[in-house]
Amino acid sequence: MLKHNIKLFFRSIKRNVSSFLINIIGLSTGLACAMFIALWVSDELGVDKFHENHDRIYQVAENVEFSDGIQTMVESSAPMAEFLVAQMPEVEYASAVILPGWFGKHTLSVGDNTLKAQGQLVSKDYFNIFSYELIQGDKNKIIADPNAIVISKDLAIKLFGTTNNVVGKSIQYEKDRQFQVSGIFKGAPSNSTVQFDFALSDKAYTDEAPWNSINTDTWNSTGPQVYVLLKEGADIEALNSKVAKIRKERNENDLRTSVLIPFSEHYLHGTYKNGKQVGGRIEYVELFSMIAILILIIACINFMNLSTARASKRLKEIGVKKAVGAKRKTFLFQFLGESVLMSIMSLFVALFMVALLLPRFNTIVGKQLALSFDFNLVVLTLGITIVTGLLAGSYPAIYLSGFNAVAVLKGKLNRSVGELWTRKGLVVVQFALSIILIVSVIVVYNQIQFAQNQNLGYSKDNIVYFKAEGKIKEQLPTFLAELKKLPGIKNASGTTHSMIGHNWSTSLEWEGMDPENEIGFQIVGVDYDFIETMDMQIVAGRGFNRAYGDSVGVIFNETAIKAMGLEDPIGKIVEQRIEIVGVVKDFHFKSLHDKVEPLFMAIMPQINKVMVRIEAGKERDAIEEINGLYQAFNPGFQFEYEFLDDNYKALYASEQRVATLSKYFAGMAILISCLGLFGLAMFTAERRKKEISVRKVLGQTVAEVTVMLSSDFAKLVLVAILIALPIAYLVANNWLSGFAYHIPLKVWYFLAAGATALLVAMLTVGSQAIQAANRNPVDGLREE
Amino acid sequence: MLLQLNNIFKWVNSGGQRIFLLKDISLTVEEGEFISVMGPSGSGKSTLLNVIGMLDGFDEGEYHFLDESVHSIKEKHRANLYKEYIGFVFQSYHLLDELTVKENLEMPLLYKKFKGSERKAMVADMLDRFNIVGKKDLFPAQLSGGQQQLVGIARALISNPKLILADEPTGNLNSAQGEEIMGLFKQLNDEGVTIIQVTHSEKNASHGSRIINLLDGRMI
């Protein structure tokens, strides 16, 4: 019987190639989307979970009370690490870390072999907390010495050509210091949020800000991250309240509370509101899981609709089989078996598509995903496939097997109203889902455009920046003066902050300060001409000026002045000796997810970045010139530069990825929906052949018949639009509320999505309708 | 006695009116009979055939088939009963387009408990008996109407039914083909198979041993 049914299945495929293709394309596209998403989701869920004790690794975050709510920062103060180990029996190890993203790249050389590598500063038990596998060295000792350097296997091979006998050898650092290799680690896996080539001891820098923030003993400044490994069975709630209490006891007026958050959860749950975790990337994980399910549902609906619509072709088979004694159960098995077989065939096509498109997908999501025969993944894929098959086959199986044999054989089957409604309902669901996806794409795209073109308070275009290192750092004024003389250079200055992302902060006292009003200020150390180079606007007072000897002057942003409650800030004194010389218009120095925070700028000697504004269109020549000057100051160093606007774009990398992905997925959804519609239109035209013939014989024009056939489907899509738009509105609104600065929802977003769906649907159906309307009516009548 | 209908009524309700499809039908069929049911369109011929074939139910009356009371047994039992004893022949053959002649013949056996080798033997036997061995691998669309009906009859016979129900078996055939099919029925009847056929043609009916005339659901 099985053999028979399989034969029947394949022969009917041969007979109905078009509906078979529609089904297989729809199902396999759906499955391929689902597989991509499954790969991505399982990778996301695994990030930072490779650490052996990931469930016991916590990170100290600080909740700071501002007048408009609590802000959570994952930075803490350096003394926290030692304090926790010493005072809290639950804590096994703690380590203060200046992460690679902030510490940046540094020049390392062995002999003539010079390169730049990504480093971080860590305090002593770092390798006891995190499981970066050590190939050589003792994890208790490798960062004890201020001159010790732990390098990755790759770096060892790049520098020394080998990993053998490397421990104990010297590496020249920034051309002026020597570090001894104390250990080699295997390198961070790609699913680690922390990617570094080497680690130095926290004692490596004791005098140079901002890196010395890892050595200060004040609890008031922030900068480093503090990680702890809890002992097994530690009660995190109790620990958190103990820490908070001790902080309060130390300083009644302290506006910060420390709170330990699970480290490996931070990646997916990194958004905080009022001190509570409210989401983060997990939203994307959930969003895409949802999209995967929706696309599969859309694909299944195609299958259901086409199989029930084409049921007439199978009626004879059902009738005859029933007449010779087949029971309903055997049909259930047969039809479910067919749809599962279909989805397994689609799986192979989908696997092929995934293999083909995986590199492209990897570029979009910025990951290195691979099709592996990982047990969980195989089970998941097969599970998805079989469930899809059963889901797709369920309705046709139940529907078809229920036919009455006599009615079927005599062609007396009345198409029930219920059946028609079900099919229409399914089409509406399909299109509603597609429309929601289209609206999402439009909204995400516009928000990203908005973020990229937002007036940031400075001009990010044509700014090149690079590290102030070696002689450049020592002789910065000379270097900058020389730099400004070069052709194609408009202006140049130095800073401690790249205008993007992570920064350090501190609290200040000022004239007339309300002791209750403690504020965390972001610190931007600058050189003269910084405000001019960045095209920032001074709203009161003046910028830094050599003529005034401004090394003890400070400039605040508007938000800071407002938070400090100063009416007439210019000339007021901060920290007993520093004069406020100006107020700068607020500018964004983090992503638009975050509000502008209070900030001050001061002339500081610890400049580590050079910012250069170059003339538009002369980038290549200007960089050539800068490189020449750079090499003159720092022979042997590698000149590595970055464009500010590139890095600004990177701030929205995950949004950009979501936008691109959802664009593709929305495209897939509408494609699959239209495939289904196409099949349905084809079938309808076939079924209504006689009606069309009669209408034409009675004098209806081709155009009228076309409109009549199309309008039925147009109505369905219109209903779908009505259902989808309010839902899309809610979804979009919810997403946008995650941005402190966002676009308003415009009506045209929704109109465009609806119009797109309608247009695509009409094109799909129209072609079939026109074809049907143009047929010779005699053919239609003769066949009856 | 093969089967007996006692005062069978069948009706549908339409627009508040009760329309009778079968009205007070009483009929006894002995084994070995060859009965032709005749009457104008809409007189209930096919309905009667479907009731006898248990594909369709009825609203009143009694139906005894062999020793079973069809009107009081369960659906599942009833399916077993007709599966075992009744073969159907249809006007438009109802062969499955996607199956070859051989596979079409094998199909009814799949729903009974026959082994693969037994099925093969039975199919080969049937092909032989109907002289269609050469056509066993062709699809229905490759056969003429008469040949298709031949396969249809072979399929009805393959599980050795006691009764063949044929609903206008020659309706779609030309006269020569029709004559051939009737000859075949006669021959089967001589071999002991009971046949009830619905027909419009006096000539076809004349092959049978008894004629039942229907008008508006009544026997006349």
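Residues numbered from 1 in each chain as written. Chains lettered and ligands numbered in written order. Predicted model: local features only at pLDDT ≥ 70, side-chain atom pairs only at ≥ 80, totals over all residues.

Enquirer: Just to check I follow, could you spell out the overall build of chain B for this structure?
Expert: The helix and strand tally for chain B stands at seven helices and ten strands. Taking 17 Å as the expected radius of gyration for a compact globule of 220 residues, we find that chain B reaches 18 Å, a close match to that expectation. With the C-alpha coordinates of chain B rotated into their principal frame, the extents come out at 55 × 40 × 35 Å. A total of 220 residues make up chain B; the buried ones form 41% of that total. (Helix = DSSP H or I, 4+ residues; strand = E, 2+ residues; numbered from the N terminus. Rg over C-alpha atoms; globule rule 2.2 N^0.38 Å. Buried ≥ 20, exposed ≤ 12 C-beta atoms within 10 Å, placed from the backbone.)

Enquirer: What exactly am I supposed to notice about the sheet that holds strand β8 (residues 194-198) of chain B here?
Expert: Residue and element names in this part refer to chain B. Taken together, six strands build an open sheet; the order of strands is β6-β7-β8-β3-β9-β10 and the sheet is mixed. The sheet is open, and its two borders are formed by β6 (86-89) and β10 (218-219), each paired with just one other strand. Of the strand pairs in this sheet, strand β3 (residues 34-38) and strand β9 (residues 210-215) are connected by four bridges, and their pairing is parallel. Bridge pairing links Met38 to Asn213 in β9. Against the sheet, helix α1 (residues 45-52) engages β3, β7 (163-167), β8 and β9, with an angle of about 150° to β8. Along the sheet, helix α5 (residues 145-157) makes contact with β6 and β7, crossing β6 at roughly 170°. (Pairing = 2+ DSSP bridges. Contact = placed C-beta atoms within 7 Å. Axes fitted to C-alpha atoms, helices over the stretch in contact; angles between N-to-C directions.)

Enquirer: How should the confidence of the model for chain B be read in this particular structure?
Expert: Caution is warranted with low-pLDDT regions, since their predicted coordinates should not be read in detail. In this model, chain B carries an average pLDDT of 88, and 100% of its residues clear a pLDDT of 70 or more. Two numbers describe this predicted complex: its pTM, 0.77, and its ipTM, 0.74. (pLDDT = per-residue confidence, 0-100.)

Enquirer: For this particular structure, what's the right way to read the sheet that holds strand β5 (residues 68-69) of chain B?
Expert: Strand pairs in the sheet, formed through backbone hydrogen bonds, run parallel or antiparallel to each other. Residues and elements named next belong to chain B. The sheet built from four strands is open, its strands ordered β2-β1-β4-β5 with antiparallel pairing. Single-partner strands in this sheet number two, and they are β2 (17-29) and β5. As defined by bridge partners, strand β4 (residues 60-65) adjoins β5 across two bridges and the pair is classed as antiparallel. The residue bridging Phe65 from the neighbouring strand is Glu68, located in β5. α1 contacts β1 (3-14) and β2 of the sheet and is inclined by roughly 60° relative to β2.

Enquirer: Explain the pairing of strand β11 (residues 225-230) of chain A here, please?
Expert: Put simply, side chains in a regular strand alternate between the two faces of the sheet. Summarising burial for β11(A): six of the six residues are buried, a large majority. Of the two faces of β11(A), the one holding Gln225(A), Tyr227(A) and Leu229(A) and the one holding Val226(A), Val228(A) and Leu230(A) are both buried throughout.

Enquirer: Can you help me understand the environment of Glu624(A) in this one?
Expert: Mapped onto the elements of the fold, Glu624(A) is located in helix α19 (residues 619-633). Linking Glu624(A) and Leu200(A), residues 424 residues apart in sequence, is a C-alpha distance of 33 Å.

Enquirer: It is not clear to me how unusual backbone geometry should be interpreted in this structure. Could you clarify?
Expert: With the exception of glycine, the majority of residues adopt a negative phi angle, and the majority of peptide bonds are in the trans configuration. The backbone phi angle of Gln576(A) is positive, close to 65°, even though this residue is not glycine. Given 8 C-beta atoms within a 10 Å radius, Gln576(A) is considered exposed. Phi angles above zero are rare outside glycine, and Asp216(B) is one such case at about 50°. We classify Asp216(B) as partly exposed; it has 15 C-beta atoms within 10 Å.

Enquirer: Explanation requested: the interface of chain A and chain B in the structure shown.
Expert: A common way to express how large an interface is: the accessible area buried when the components associate. Facing 19 residues of chain A, the contacting portion of chain B comprises 16 residues. Breaking the side of chain A that touches chain B down by element, the ones donating at least two residues are α1 (2-15), α10 (311-323) and α13 (405-409) of chain A. Here the side of chain A that touches chain B takes six residues from α1(A), the largest share from any one element. A per-class count over the side of chain A that touches chain B returns nine nonpolar, four polar and six charged. (Nonpolar A, V, L, I, M, F, W, Y, C, P; charged D, E, K, R; others polar.)

Enquirer: Is there a simple way to explain the packing of helix α9 (residues 282-309) of chain A against helix α21 (residues 653-687) of chain A in this structure?
Expert: Helices that pack against each other are described as a pair by the angle of their axes relative to one another and the distance between those axes. Residue and element names in this part refer to chain A. Relative orientation of the contacting elements α9 and α21 amounts to 10°, with a least axis distance of 9 Å. Viewed along their axes, α9 and α21 adopt a mutual orientation that is roughly parallel. Facing Tyr284, Ile291, Ile295, Ile298, Ala299, Ile301, Asn302, Asn305, Leu306 and Ala309 of α9, the residues of α21 in contact are Ser654, Val658, Phe665, Met668, Ala669, Ile672, Ser673, Leu675, Gly676, Gly679, Leu680 and Phe683. Its residues assigned to classes, the contact of α9 with α21 comprises 16 nonpolar, six polar and no charged. (Parallel < 35°, antiparallel > 145°, perpendicular 65-115°, else oblique.)

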